Amino acid sequence: MKEAIVAAGPKVQIIDSPIPEPNDDQVLIRVIVSGCNPKDWKLPEWMPDKPPLNQGDDIAGIVEKVGSRVWEFKPGDRVAAFHEMFSPHGSFAEYAVAWQHTTFHIPQETSFEEAAALPLAAMTAALGLFSRLGLPEPWTKAVPDEERENTPLVIYGASSAVGYYALQLAKKSNIHPLICIAGRAGSERIAPLLDQSKGDVLIDYREGEKAVVEGIKKALNGRPLLHAFDAVSEKGTPEHLAQVLSQPVKKGDKEVRAKVTFVLFDKMGVPDYVDQSTTNVGSVHRDEKDFGYVWYRYMARGLQEGWFKAQRTEVLPGGLAGVQEGLERLRDGKASAVKYVYRIKETEGVERSDE
């Protein structure tokens, strides 16, 4: 099979590899469309001593073969999956391997292109909101709507893939007001999702730090900010949040600390009285397997019911030959509210007709 290997640069090489075999708890997927993410070019730069690897983690395709303990899937099923990072047999190939708990069925109405935009970014959003920030999940009955609708949440980078999914999931959980910070794609992609009657607002980061900070304070309307999801985590965003995150507040006999979660590892400029975390999506392959299992299935239901939608996609031509261009665009900051995806059948030397 054809497979794309990514080295620092980024530099992409297409090679011939054997079709992998799934273990007892894995699924072998014939990849129809692969998505890509910023980490696909960043990780080779951050870890130059590691050998080049197929960095693709967003799989959309058809089940080819299943392991002996796989019970939810069978050959022929339409699925999407999150490939385990740092492991072989990723989505930049004709065939990829995923664990059954991070594989999920996709509705017939969902295209493979849309499905390939989901696995890594959507799970990052879910983990950030409900595991790191501790916000109530949609089905949690213990938290009444009145409390949910008085829980300000800042989503910095709301038009990014992670931010776009975080916005939809927070809405499903009835978290408001949603204070969304975005750029040129905000008015088109984000504003229509907001509920102004519940205090939701869109703030344009291009207006500068002062305008962002003042816009957040205005939207808070005197309420403390105890939750922030930084889906950018660079170029000053932590410092902006540091100016608006609340000091600990008393709720009954308890002291509640503000929480912020980042998508990158370096966290700078946030005061010590704020609880900081990194949302590492790879945790669903380690200590948060149950979280990943439940949420991927809930997202699939959301796709079918229509309240959850994929980020806008752009198909880059050439199949695996387009991976180079996609990673360069991500490196150069040219992606705006779009997810780059690749149709594997367009790869030179691949002969098949995909449904």
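Overview of the structure. (Residues numbered from 1 in each chain as written. Predicted model: local features only at pLDDT ≥ 70, side-chain atom pairs only at ≥ 80, totals over all residues. Heavy atoms only, no water.)

1. Overview of the overall build of the protein
Assigned secondary structure in the protein consists of 10 helices and 17 strands. Taken against the 2.2 N^0.38 rule, which gives 20 Å for 355 residues, the C-alpha radius of gyration of the protein at 20 Å falls within 12% of a compact globule. Its C-alpha atoms put the protein at 60 × 40 × 35 Å along the principal axes. (Helix = DSSP H or I, 4+ residues; strand = E, 2+ residues; numbered from the N terminus. Rg over C-alpha atoms; globule rule 2.2 N^0.38 Å.)

2. Observations regarding unusual backbone geometry
In this model, Gly9 is joined to Pro10 through a cis peptide bond whose omega is -5°. Looking at where Pro10 falls in the secondary structure, it is placed in the loop between strand E1 (2-7) and strand E2 (11-16). Here the amide bond leading from His176 into Pro177 is cis, since omega sits at -5°, within 30 degrees of zero. Here Pro177 is to be found in the loop between helix H5 (161-172) and strand E9 (178-182). Even without a glycine there, the phi angle at Ala337 is positive, about 55°.

3. A look at the side chain of Asn174
Mapped onto the fold, Asn174 is located in the loop between H5 and E9. Among the polar contacts listed, one links the side chain of Asn174 to the side chain of Asp145, at a separation of 3.3 Å. Each residue touching Asn174, except ones within four places of it in the same chain, is listed here: Asp145, Arg148, Glu149 and Lys198. (Polar contact = N/O pair within 3.5 Å; in protein donor to acceptor, adjacent residues only side chain to side chain. Contact = heavy atoms within 4.5 Å.)

4. A short note on the packing of helix H3 (residues 119-132) against helix H9 (residues 289-305)
With their axes 10 Å apart at the nearest point, H3 and H9 run at an angle of 115° to one another. Comparing their axes, H9 and H3 come out roughly perpendicular. For the crossing formed where H3 meets H9, the hand is right-handed. Taking contact as the criterion, the partners of Pro119, Leu120, Ala122, Met123, Ala126, Leu127, Phe130 and Ser131 in H3 are, on H9, Phe291, Gly292, Trp295, Tyr296 and Met299. Looking at the contact of H3 with H9 residue by residue, the classes come out as 11 nonpolar, 2 polar and no charged. (Axes fitted to C-alpha atoms, helices over the stretch in contact; angles between N-to-C directions. Parallel < 35°, antiparallel > 145°, perpendicular 65-115°, else oblique. Left-handed = near helix turned anticlockwise from the far one by under 90°. Nonpolar A, V, L, I, M, F, W, Y, C, P; charged D, E, K, R; others polar.)

5. With respect to the packing of H3 against H5
For any two helices packed against each other, one specifies the crossing angle of their axes together with the interaxial distance. Put simply, H3 and H5 touch, their axes get as near as 8 Å, and they point 55° apart. When the axis of H3 is compared with that of H5, the two are oblique. Between H3 and H5 the crossing geometry is right-handed. Listed contacts from H5 to Ala121, Ala122, Thr124, Ala125, Ala126, Leu129 and Phe130 of H3 are Ala161, Val162, Tyr165, Ala166, Leu169 and Ala170. In the contact of H3 with H5, the residues fall into 12 nonpolar, 1 polar and no charged.

Read these as layout, nothing more, since geometry by itself doesn't imply function.
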